[in-house]
Amino acid sequence: MPFDVLIVGGGPSGLSASIRLKQLCQENEVDLSICVVEKGSEIGAHILSGNVFDPKALSELLPSTDWKSELLEQQSSHATPVVRDEFLFLTENKSYKIPSMLLPKQLHNDGNYVISLGQLCRYLGMKAEEMGVEIYPGFAASEVLYNGDKSAVKGVATRDMGIDKSGKPKDTFERGVELHARQTIFAEGARGSCSEELIKVFGLRAGKSEQTYGLGIKEVWEIPPEKMQAGFVQHTLGYPLQQKWNDKTFGGTFLYHQEPNLIHAGLVIGLDYENPYINPYKEFQRWKEHPDVRTHFEGGACISYGARVLNEGGLNAIPKLTFQGGCLIGCSAGFLNSVKIKGSHAAIKSGQLAAEAIFETLQKDGENHDSDAAAAAQENEDDVMAVEAVTFEDKIKSSWIYGELYEVRNTHEAFARWGFLPGLFYTGLAAHITKGKEPWTLKHTIRDADTTQEAKNFEPIHYKPPDGVISFDLLTNLQRSGTYHEDDQLCHLKVKPELQHIPETVSMQKYAAPEQRFCPAGVYEYVSETDSGQPKLVINAQNCVHCKCCSIKMPGEYIHWTVPEGGGGPNYQVM
């Protein structure tokens, strides 16, 4: 199936790119065929974010549209203006408010909104389809297609459907589809499987810092109307993740009140943490039990649960964005601002800028821009696909995205090198005084998988059992994610052949099997074989919420995360 532009991923960046392309087509009386493929069962099904939303980029994309009213009308989802914003430092039993004047300006939320990002994506998806974009949910891009000498991308192939666990076709077998395009935009989100392949194949990270990630774990609650504080936004540092001045565990929590009666709450932990006994899910449950936090949840009911990794490396870790035949946008590239605690606005803006660069490139390429353009591309793929939208990088560097990220480019690495309080001090220095103009760059060179230290250096952490009211066991919460995979299919979580020895002789023996704790869906467990008594890894792939944490934090990165059959995974509704 040939298209002019193919977009892999129906999140905020991919949908924004499709909308902007169609706007440019209308402005220039050009007809380009644009397709979006999304591995979730519907647009928004795999979208998870805080989300206190900076509307700057969306207002630029849809300048004459009252998106807030339309979001409410079409998705029954409120964009609640932030009216109260506080940042707390927590000890085990107390909290201390940090004065607003001490916080970086990027942390202030004046003019921002509490939203459901999944519902916003559904709204953007409707906008895109109204403009003529073809959107295909339930199609998981499993393979990048290259030209003959692998110097350019010519599209993707979707995963075959109806293959059983042994690799044999079932009665329901359907061959995957090859989708070809003159330009392919990869908008898969953080740690996208196709995007990571492209970074390696084309050496896009050469000269850049190693990307570092965080794991976000989130719940959505319905609360009684009398407890609702519409537009209240709270972030915390300290307990439970940092309890000493030099703790190197990066992260914090968020709690947002959205109309009519919802709380979005979660914990984000940097995956460069050292202690293999840390259980991020249980740290989140422990935070909810804090006396100044649990009061928000009392009398309410948890209605949704999920998890997703996010990029935290900032400007220094953004790879080269373009290659012949396509580009990376949004969190596939890594535009999240960890100091601002936001990435959706930058994702939307990056999609717009990529669309503009690609449109200009296709125009200059001198090809036909009528309804036969895609067919022409199909006839002479290798020549057509060898086009690179090189101006995309320049557009990013001249945009406010670059300015935002440049100011705080060294802050995450300051935490990683020197710990909690020195990291806070450096962040304050950068945000208030130097504005990123330090005459040095703090490069991050270590994979998150390699920061885990041996278990012998730590004591096991004993977590309080959940009470079933405010805190929950993992499997109970997992049901709230709506996760479903066809049972009889090939496992999409594969132990890399060259690293088979790690789960057998390294992970449990040296690191006390951290995958049993860091996975927020209970996918990985070790059981004792009856004959040998040796622990054996069991992968419960049906539990997977597609957070991608395992591909990052496994000892040696021994897991290769691939896509399951299209439509599988979580089914988030209000995340």
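Since the structure is predicted, the reported quantities are computational estimates derived from the model, not experimental observations. (Residues numbered from 1 in each chain as written. Predicted model: local features only at pLDDT ≥ 70, side-chain atom pairs only at ≥ 80, totals over all residues. Heavy atoms only, no water.)

Enquirer: What am I meant to see in the pairing of strand 1 (residues 2–8) here?
Expert: For strand 1, a buried count of six out of seven residues is recorded, marking the element as mostly surrounded by other parts of the structure. The pairing of strand 1 with strand 13 (residues 178–186) spans six bridges and is classified as parallel. Residue pairing in the sheet places I7 in a bridge with I185 of strand 13. Both strand 1 and strand 2 (residues 34–38) contribute to a ladder of four bridges, which runs parallel. Bridged to I7 within strand 2 is V36. What joins strand 1 to strand 2 is helix 1 (residues 12–28), and the crossover it makes is right-handed. (Buried < 20%, exposed > 50% of the residue type's maximum accessible area, 1.4 Å probe, protein only. Helix = DSSP H or I, 4+ residues; strand = E, 2+ residues; numbered from the N terminus. Pairing = 2+ DSSP bridges. Right-handed = clockwise from strand over helix to strand, strands pointing away.)

Enquirer: Where do I start with the sheet that holds strand 4 (residues 80–81) in this structure?
Expert: The strands making up a sheet associate through hydrogen bonds between their backbones, and the pairing can be parallel or antiparallel. Taken together, the three strands give an open sheet; going across it, the order is 3-7-4, and neighbouring strands pair in antiparallel fashion. Only two strands of the sheet have a single partner each, and these edge strands are strand 3 (52–53) and strand 4. Inspection of the sheet shows strand 4 paired to strand 7 (residues 113–114) by two bridges, in the antiparallel sense. Each bridged residue has a counterpart across the sheet, and for P81 the counterpart in strand 7 is Y113.

Enquirer: Would you take a moment to explain the packing of helix 1 against helix 4 (residues 117–130) for this structure?
Expert: Working note: a packed helix pair is described by the angle between its axes plus the distance between those axes. Two elements in contact, helix 1 and helix 4, have axes whose closest approach is 9 Å; the angle formed by their N-to-C orientations is 20 degrees. Considering the angle they form, helix 1 stands roughly parallel to helix 4. Considering the relative orientation of helix 1 and helix 4, their crossing is left-handed. Mapping the contact onto sequence places P12, L15, S16, S18 and I19 in helix 1 and L117, C121, L124, G125, K127 and A128 in helix 4. (Axes fitted to C-alpha atoms, helices over the stretch in contact; angles between N-to-C directions. Parallel < 35°, antiparallel > 145°, perpendicular 65-115°, else oblique. Left-handed = near helix turned anticlockwise from the far one by under 90°. Contact = heavy atoms within 4.5 Å.)

Enquirer: Just to check I follow, could you spell out the packing of aromatic side chains for this structure?
Expert: The description of two aromatic rings rests on the distance between their centres and on the angle between their planes. Using the criterion set out here, one finds 16 aromatic pairs in the structure. Judged by centre distance (4.8 Å) and plane angle (50 degrees), the ring pair of W221 and F297 falls under tilted. In this pair, W221 is assigned in strand 14 (residues 213–222) and F297 in the loop between helix 6 (280–288) and strand 18 (301–311), connecting sequence segments 76 residues apart. The exposure class assigned to F297 is buried, which follows from its relative accessible area of 0%. Pairing F284 with W287 gives two aromatic rings, centres 6.0 Å apart and planes at 20 degrees, and the pair type is stacked. One end of the pair is F284 and the other is W287, both in helix 6 and three residues apart, which spans about a single turn. An aromatic cluster is present here, built from W221, F284, W287, F297 and F472 joined pairwise through their rings. Sitting over the face of the ring of W561, K548 holds its NZ or CZ atom 4.5 Å from the ring centroid. (Phe/Tyr/Trp six-rings, centres within 6.5 Å; stacked < 30°, edge-to-face > 60°. Lys NZ or Arg CZ within 6 Å of the ring centre and 35° of its normal.)

Enquirer: Mind showing me how you'd approach the pairing of strand 2 here?
Expert: Strand residues, when the strand is regular, have side chains that alternate between the two faces of the sheet. With respect to burial, strand 2 is a largely interior element, five of its five residues being buried. What you see with strand 2 is no split at all: I34, V36 and E38 on one side and C35 and V37 on the other are buried throughout. Of the strand pairs in this sheet, strand 2 and strand 8 (residues 134–137) are connected by four bridges, and their pairing is parallel. Across the sheet, V37 pairs through a bridge with Y136, a residue of strand 8.

Enquirer: Could you clarify how one ought to interpret the sheet that holds strand 6 (residues 95–97) in this entry?
Expert: Strands sit in the order 6-5-15-16-17-14-18 across an open sheet of seven strands; the sheet is mixed. Either end of the sheet is taken by a strand with one partner, and the two such strands are strand 6 and strand 18. Neighbouring strand axes in the sheet, compared pairwise and without regard to direction, differ in orientation by 20 degrees on average. In terms of strand pairing, strand 15 (residues 232–238) meets strand 16 (residues 251–258) through four bridges, oriented antiparallel. Within strand 16, the position partnered with Q234 by the bridge is L255.

Enquirer: Hey, could you run me through the side chain of T322 in this one?
Expert: Along the chain, the position of T322 falls in strand 19 (residues 322–323). Within the local environment of T322, its side chain forms a polar contact with the side chain of E388, the two groups lying 2.8 Å apart. Setting aside residues up to four positions removed in sequence, T322 forms contacts with L204, C327, E388, A389, V390, F392 and E393. (Polar contact = N/O pair within 3.5 Å; in protein donor to acceptor, adjacent residues only side chain to side chain.)

Enquirer: Explanation requested: the nonpolar core in the structure shown.
Expert: One recurring pattern in soluble globular proteins: nonpolar side chains tend to sit buried together. Counting 75 residues, the largest nonpolar core has W67, L120, F186, F335 and F392 as its most contacted members. If one sorts the elements of this core by residue count, helix 8 (residues 344–364) sits on top with nine residues. If sequence neighbours within four positions are ignored, F392 has contacts with L321, T322, C327, L328, I329, S350, L353, A354 and A357. Within the second largest apolar cluster, 65 residues are counted, among which are Y281, A521, I552 and M554. (Core = buried A, V, L, I, M, F, W, Y, C linked by side-chain atoms within 4.5 Å.)

Enquirer: Is there a simple way to think about helix 1 in this case?
Expert: Think of an α-helix as 3.6 residues a turn; residues three or four steps apart then line up on the same face. In a regular helix each residue adds 1.5 Å, so 17 residues correspond to 24 Å; helix 1 covers 24 Å between its end C-alpha atoms and thus fits that length. Judged by how many residues are buried, helix 1 sits mostly within the fold: 14 of 17 residues are covered. Positive backbone phi, approximately 55 degrees, marks E29, located one or two places after helix 1. (Expected span 1.5 Å × (residues − 1).)

Enquirer: Looking at this structure, how should I read the pattern of salt bridges?
Expert: Once their charged atoms are close, side chains differing in charge can pair, the charge on each being opposite to the other. In total, this model carries 26 salt bridges according to the counting rule given. Across the salt bridge formed by E454 and K456, the nearest N and O atoms sit 3.6 Å from each other. A relative accessible area of 25% places E454 in the partly exposed class. Residue classification places K456 among the exposed positions, given a relative accessible area of 69%. Residues joined by salt bridges that share partners form a network here, namely R191, E196, R447, D450 and E557. (Salt bridge = Lys/Arg side-chain N within 4 Å of Asp/Glu carboxyl O.)

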